[in-house]
Amino acid sequence: MPNSETQEWRAPTPRESRNYPYNCWWVAALSSEVGRDLLGRWLLETPVLLYRTEDGRAVAVENRCPHRAAPLSLGCLKGDNVQCGYHGFTFSPDGTCVDAPSMGTALPAAAIKSFPVIEQNAFVWVYMGDPTKLSEVPPPHDLEWTEDPAFAFVQGRMDIKANYMLLKENVLDLTHFGYVHAKSFGISDWVDPPRSTTQGDVTGYHKSFVRSPLPPIFADPLGVAAGTPYNRENYGSFVSPALQIAAVDFVDPERGAIRGKFRVSHATTPIDATSMYYFYVIGRDHGTSAAEMAGLLKGSEIGFAEDEAMIEAVQDMISRDPRGASAPEISVKSDAPGIQARRIVERWMEKETG
Amino acid sequence: MPNSETQEWRAPTPRESRNYPYNCWWVAALSSEVGRDLLGRWLLETPVLLYRTEDGRAVAVENRCPHRAAPLSLGCLKGDNVQCGYHGFTFSPDGTCVDAPSMGTALPAAAIKSFPVIEQNAFVWVYMGDPTKLSEVPPPHDLEWTEDPAFAFVQGRMDIKANYMLLKENVLDLTHFGYVHAKSFGISDWVDPPRSTTQGDVTGYHKSFVRSPLPPIFADPLGVAAGTPYNRENYGSFVSPALQIAAVDFVDPERGAIRGKFRVSHATTPIDATSMYYFYVIGRDHGTSAAEMAGLLKGSEIGFAEDEAMIEAVQDMISRDPRGASAPEISVKSDAPGIQARRIVERWMEKETG
Amino acid sequence: MPNSETQEWRAPTPRESRNYPYNCWWVAALSSEVGRDLLGRWLLETPVLLYRTEDGRAVAVENRCPHRAAPLSLGCLKGDNVQCGYHGFTFSPDGTCVDAPSMGTALPAAAIKSFPVIEQNAFVWVYMGDPTKLSEVPPPHDLEWTEDPAFAFVQGRMDIKANYMLLKENVLDLTHFGYVHAKSFGISDWVDPPRSTTQGDVTGYHKSFVRSPLPPIFADPLGVAAGTPYNRENYGSFVSPALQIAAVDFVDPERGAIRGKFRVSHATTPIDATSMYYFYVIGRDHGTSAAEMAGLLKGSEIGFAEDEAMIEAVQDMISRDPRGASAPEISVKSDAPGIQARRIVERWMEKETG
């Protein structure tokens, strides 16, 4: 029986040294990344091994052999079990040590942690917190649009050398479009701060563009001429420390009907205090041909690389600044969702220690 | 109004963790390095942005947007102002935030530090200390020879992974010529320790060579045969923690007249405790043809690279030695100016905290 | 007179920050690595310079000039003495400063440490501990087989980014053969834990294979067909924190006579807490042609690189794990020699502080 169930849970890192909760579902990988090859990752400063059983179920266990600390990802799969590449200790998907070869027997004391997994939409979600609190934690947000046949989507992963909240704040304040992405996305009308609202632990923004000329990045997939005045409803939410969702609905200003829907899901998972995995899914219900989706992916990669360069530069600034947290920070109206997000993270963390 | 004027000044780093003063003029760049492209540097563990206004004035401001800590050097110039590349906050040369685009207004609270600048001789000097003490601080040393039409000079910059005082001690003890530069400079008579004198906060050395054979490096520009017995007056001074100057006057032993003057200025600016910028200007009033000056630059680059290799090796030794400051240090007579220099730096630092 | 004799000895690093003793003979280099070129190494977190005198004697002194901390390995040999490349301070093999050029004299106060050296078998051993305890410390283990004309041997060095004890534990638990070296050595019968014995400060294992099919790696040099059932006596000992020895005697099961002897010496020397030098000598009294020995070296390099990858991954796991020493460790029977080895190291360390 895996030891994760039988002893009191303790966070691997002290609360003071992090700004993320453990009692939360996080994205461990894109579904497409997990297969019959062993995939080792550090998530929340914990070594995690990801693979699929023979019948295709995604498994997440501790990526560390309790015998002599070898990463299990250097071993190999034996059916549904993983065998350590050092001395052959073998673990089932629930973390049980089913074989210690030199002992010729299973070794219950050598269990590893097995983490609950939910595979949903394009993501493999993992829960690495207190098992006794799992039922109280909101399940992974359902990106139902990814299951809508009208939609096509692309996805990707970036390994970013910055605290995960720097990306959260980036996508919660889109007034950066006119500067970071001036040459790529060409969206020049994201200037005034949006309306921002917070309900419980969800914070978000909503901005209505009325008869604003469509940049090519939006006009082309809709099949209208670039520069056509169009209405856009652009809104986004921080739905958990793990996930930020964003949407644009394109509305024909003459008819008042939604002519197209555009969706982005930004999932970020801390590797440690100064690096993260960033998983994204981007889709729409128009301009869905293979060529157009390839163009969407290419354009997104260019734009997100601009974000990456900026937030890595910010992280480097923060890391080098000897003043640390006492360095000045001036916030404006468009920062409201980002500041709410910080408070929401604080509340998630308080819950797990309170 | 920039905040640097309005609140009590505090050193960005505690005194115990550094061996340099803030209340001092330091070289931020060669004049030739500063232009209409944004130049970001860490100086004294502080991010600094350098550029020129449209009328050519050198500007130094904090290279950190107070909104979300982006390096301003990733942004762009708008006339004389710098616009942050993240959300467009714009700052004038005096540090005032003249535009926060999402607010559609200037934002006085978001001022950045603006540092006093003096451009003089080949250097852009910057003052990053307590503004209220500026009048008490000696101005940048005037390298008046660089303005003398009889002189030609070359210059350069090296980024060295060593504490800045290691270079100071290097140029204050020229008995290293026979070892570090045995194959490059070929100056073999710098053996005995020089006279050393300290007056107030200036320490220096003076050494007279009488009828000593000139090595080619000195003989060629003078137009005399290598090996000719010649007199040389070689002297140098630590004029501030930022600057060390050195001189050789070549004297015809028959006539007693100065036949040539050779000058070197070594400016060092701490990046942090274990790295520095090294800016040098080297000139003379003889052998000043373009080809000869190109040879002077080339030869200096070779020799200074020898110094760099040595002091980086010393820094690595100091950094790795677990004994730290308790490791032995034996000093000899030729170290007197270097030891005085350490004490002078201590006095500069005491002044700014006393 | 070198200062190492005249003042009370103190370990360069506190006991809490290391898991190795100083009062022990350690391998500094392969004999073949030490010559008339200066060789600088960090051993036991101490800078060490190795070279040979003109008559071929190996010398080990502190690789740090006490004047201004330059690594002496950047200098050059003057006969049997080493001259610092910075200001020319010159030291004899016993550490005496025989010349400080700018003073024109020897400088007894500037002595460096000189470490006792024993060159024996293929190794240069060095003693870097308390000189007054040298007589109480066991001399380097005699690898007498390397002097046996019936034997041929090969050797090598690896620089491994892992604590030295991780290699010790690796070679004390050969049940890793079937996993780490499954594809290289092809030794599949090292499964059950061996007998393990500890006598004083020597711990070891002994395992008898009876009529076990010989893998090609053993069969070929013996000149018997791969798969031939054969007896093997495989034993090894941790003889000091510096040295682990291993042996296989091949016994013809029909005649009961030893048909071949195979020997491996694993010497490990800490560079610091997370890196080591690994020196090995591998030999046998059969299959000793030049081509066969080249094959032995090549095969060993492949196998040892597998060990290196594994123990570097383990070190990385240990270094990154925020739980530190509180992370679980489950031991089984085959770990007995490794666990004894840790205790023996503890005893060595207690002796030098008790």
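Please read all numbers here as calculations on a predicted model, not as lab measurements. (Residues numbered from 1 in each chain as written. Chains lettered and ligands numbered in written order. Predicted model: local features only at pLDDT ≥ 70, side-chain atom pairs only at ≥ 80, totals over all residues.)

S.K.: I tried to follow the overall build of chain A on my own but got confused; where do I start?
M.R.: Regarding its fold elements, chain A presents five helices and 18 strands. In terms of overall dimensions, chain A is globule-like: its C-alpha atoms have a radius of gyration of 22 Å, near the 20 Å expected for 354 residues. Expressed along its principal axes, the backbone C-alpha trace of chain A runs to roughly 75 × 50 × 35 Å. Scored against the burial criterion, the 354 residues of chain A give a buried share of 47%. (Helix = DSSP H or I, 4+ residues; strand = E, 2+ residues; numbered from the N terminus. Rg over C-alpha atoms; globule rule 2.2 N^0.38 Å. Buried ≥ 20, exposed ≤ 12 C-beta atoms within 10 Å, placed from the backbone.)

S.K.: Is there a simple way to think about the interface of chain A and chain C in this case?
M.R.: Buried accessible area, meaning the area lost when the parts come together, often serves as the stated size of an interface. The interface of chain A with chain C comprises 23 residues on the first partner and 24 residues on the second. The residue makeup of the side of chain A that touches chain C, split by class, is 14 nonpolar, six polar and three charged. (Contact = placed C-beta atoms within 7 Å. Nonpolar A, V, L, I, M, F, W, Y, C, P; charged D, E, K, R; others polar.)

S.K.: Before we go on, may I ask you to explain the relation of the copies chain B and chain C in this structure?
M.R.: Put simply, the second copy of the chain is the first one after a rotation about an axis and a shift along it. Aligned on chain C, chain B shows an RMSD of 0.0 Å; the corresponding rotation is 120 degrees and the shift along the axis is 0.1 Å. Taken together, the rotation and translation describe the operation of a three-fold axis. When each C-alpha of chain B is compared by its distance to the rotation axis, S319 of chain B comes out closest, at 12 Å. (Least-squares fit on C-alpha atoms with pLDDT ≥ 70 in both.)

S.K.: Explain the sheet that holds strand β1 (residues 25-30) of chain A to me, please; I cannot follow it from the model alone.
M.R.: Hydrogen bonds between backbone groups are what pair the strands of a sheet, and the pairing can be parallel or antiparallel. All names here are of chain A. Spatial strand order, β1-β11-β10: three strands in an open sheet with antiparallel pairing. Both outer strands of the open sheet, β1 and β10 (117-120), are each paired with one neighbouring strand and no more. Along the sheet, successive strands turn relative to each other by an average axial angle of 30 degrees, direction set aside. Pairing of β10 with strand β11 (residues 123-127), which is carried by four bridges, proceeds in the antiparallel orientation. The residue of β11 that forms the bridge with E119 is V124. (Pairing = 2+ DSSP bridges. Axes fitted to C-alpha atoms, helices over the stretch in contact; angles between N-to-C directions.)

S.K.: Sorry, what's going on with the interface of chain B and chain C here?
M.R.: Facing the 24 residues of chain B at the interface are 23 residues of chain C. Going through the elements one at a time, α2 (177-180) and α4 (290-320) of chain B are the ones with two or more residues in the side of chain B that touches chain C. Grouping the amino acids of the side of chain B that touches chain C by side-chain chemistry returns 13 nonpolar, four polar and seven charged.

S.K.: Mind showing me how you'd approach the packing of helix α1 (residues 164-172) of chain A against helix α4 (residues 290-320) of chain A here?
M.R.: Angle between the axes and distance between the axes are the two parameters that describe a pair of packed helices. Residue and element names in this part refer to chain A. Two elements in contact, α1 and α4, have axes whose closest approach is 10 Å; the angle formed by their N-to-C orientations is 130 degrees. Relative to α4, the element α1 is oriented oblique. Between α1 and α4 lies a crossing whose hand is right-handed. Counting all contacts with α1, which are made through L166, L167 and N170, the residues of α4 involved are D307, I311, V314 and Q315. (Parallel < 35°, antiparallel > 145°, perpendicular 65-115°, else oblique. Left-handed = near helix turned anticlockwise from the far one by under 90°.)

S.K.: Would you explain the pairing of strand β17 (residues 258-272) of chain C in this entry?
M.R.: On any regular strand, side chains alternate: one points to one face of the sheet, the next to the other face. All names here are of chain C. In terms of strand pairing, strand β16 (residues 243-251) meets β17 through nine bridges, oriented antiparallel. Within β17, the position partnered with A246 by the bridge is V264. Hairpin remark: β16 followed by β17, antiparallel, with six residues in the connecting loop; positive phi at G256, about 75 degrees. Two elements, β17 and strand β18 (residues 275-284), share ten bridges in a ladder whose sense is antiparallel. Within β18, the residue paired with H266 across the bridge is Y280. Remark: two residues form the turn of the hairpin made by β17 and β18, two consecutive strands paired antiparallel.

S.K.: What is the right way to read the pairing of strand β4 (residues 58-62) of chain C from this model?
M.R.: All names here are of chain C. Counting buried positions along β4 yields five of five residues, so the element is predominantly enclosed. As paired elements, strand β3 (residues 46-52) and β4 share five bridges and run antiparallel to each other. Pairing of R52 across the sheet is with A58, part of β4. Once β3 ends, the chain turns through five residues before running back antiparallel as β4, passing G56 with a positive phi of about 95 degrees.

S.K.: Help me out: how do you make sense of the packing of helix α1 (residues 164-172) of chain B against helix α5 (residues 336-353) of chain B in this one?
M.R.: Residue and element names in this part refer to chain B. One can describe the packing of α1 onto α5 by two numbers: an axis separation of 8 Å at closest approach and a directional angle of 145 degrees. The handedness of the crossing between α1 and α5 is right-handed. Residue-level inspection shows M165, K168, E169 and L172 of α1 in contact with α5, the latter providing P337, G338, A341 and R342. Split into classes, the residues belonging to the contact of α1 with α5 amount to four nonpolar, one polar and three charged.

S.K.: Help me understand the nonpolar core in this model?
M.R.: Generally speaking, soluble globular proteins have nonpolar side chains that are buried together. Judged by nonpolar contacts, the single largest core of 247 residues is most densely connected at V126 of chain A, V126 of chain B together with V126 of chain C. Among residues more than four places away in sequence, those in contact with V126 of chain C are W26, A28, L43, V48, A60, F115 and V117 of chain C. (Core = buried A, V, L, I, M, F, W, Y, C linked by C-beta atoms within 7 Å.)

S.K.: Hey, could you run me through the environment of T96 of chain C in this one?
M.R.: Structurally, T96 of chain C is set in the loop between β7 (90-91) and β8 (97-99). Placed 17 residues apart in sequence, T96 of chain C and K113 of chain C show a C-alpha to C-alpha distance of 8.5 Å.

S.K.: Honestly, unusual backbone geometry in this entry has me stumped. Any pointers?
M.R.: Glycine aside, residues mostly have negative phi angles, and peptide bonds mostly take the trans form. Residue and element names in this part refer to chain A. One non-glycine residue, N121, lies in the positive phi region at around 55 degrees. On the secondary structure map, N121 appears in the loop between β10 and β11. The backbone phi angle of R211 is positive, close to 45 degrees, even though this residue is not glycine. Along the chain, R211 turns up in strand β14 (residues 202-213). On the basis of neighbour count, R211 is assigned to the exposed category, with 11 C-beta atoms found within 10 Å.

S.K.: Sorry if this is basic, but what is going on with the sheet that holds strand β14 (residues 202-213) of chain C here?
M.R.: Residue and element names in this part refer to chain C. A sheet is described by the order of its strands in space; here seven strands give the open sequence β12-β18-β17-β16-β15-β14-β13, paired in antiparallel fashion. Whereas interior strands pair on both sides, the edge strands pair on one side only; in this sheet they are β12 (152-160) and β13 (195-199). Taking the axes of each pair of neighbouring strands and ignoring which way they run, one obtains an average angle of 15 degrees across the sheet. Contacts between helix α1 (residues 164-172) and the sheet are confined to β12, β14, β15 (229-240), β16, β17 and β18, with β17 contributing the most and set at about 160 degrees to the helix. Strands in contact with helix α4 (residues 290-320) are β12 and β18; relative to β12, the strand with the most contacts, it is inclined by about 25 degrees.

S.K.: Help me understand α1 of chain B, please; the structure alone is not making it clear to me.
M.R.: Burial of α1 of chain B is extensive: nine of the nine residues sit out of reach of the surface. Along α1 of chain B, the positions that sit buried rather than exposed are Y164, M165, L166, L167, K168, E169, N170, V171 and L172 of chain B.

S.K.: Explain the domain arrangement of chain A to me, please; I cannot follow it from the model alone.
M.R.: Residue and element names in this part refer to chain A. Under the domain assignment used here, chain A contains domain 1 (3-136) and domain 2 (144-353). For domain 1 and domain 2, the distance between their C-alpha centroids amounts to 31 Å. Taken together, the contact between domain 1 and domain 2 spans 24 residues of the former and 24 residues of the latter. When residues of the side of domain 1 that touches domain 2 are traced back to their parent elements, those giving at least two are β1 and β2 (39-43). With five residues, β1 is the single largest residue contributor to the side of domain 1 that touches domain 2. (Domains from an automatic or database assignment.)

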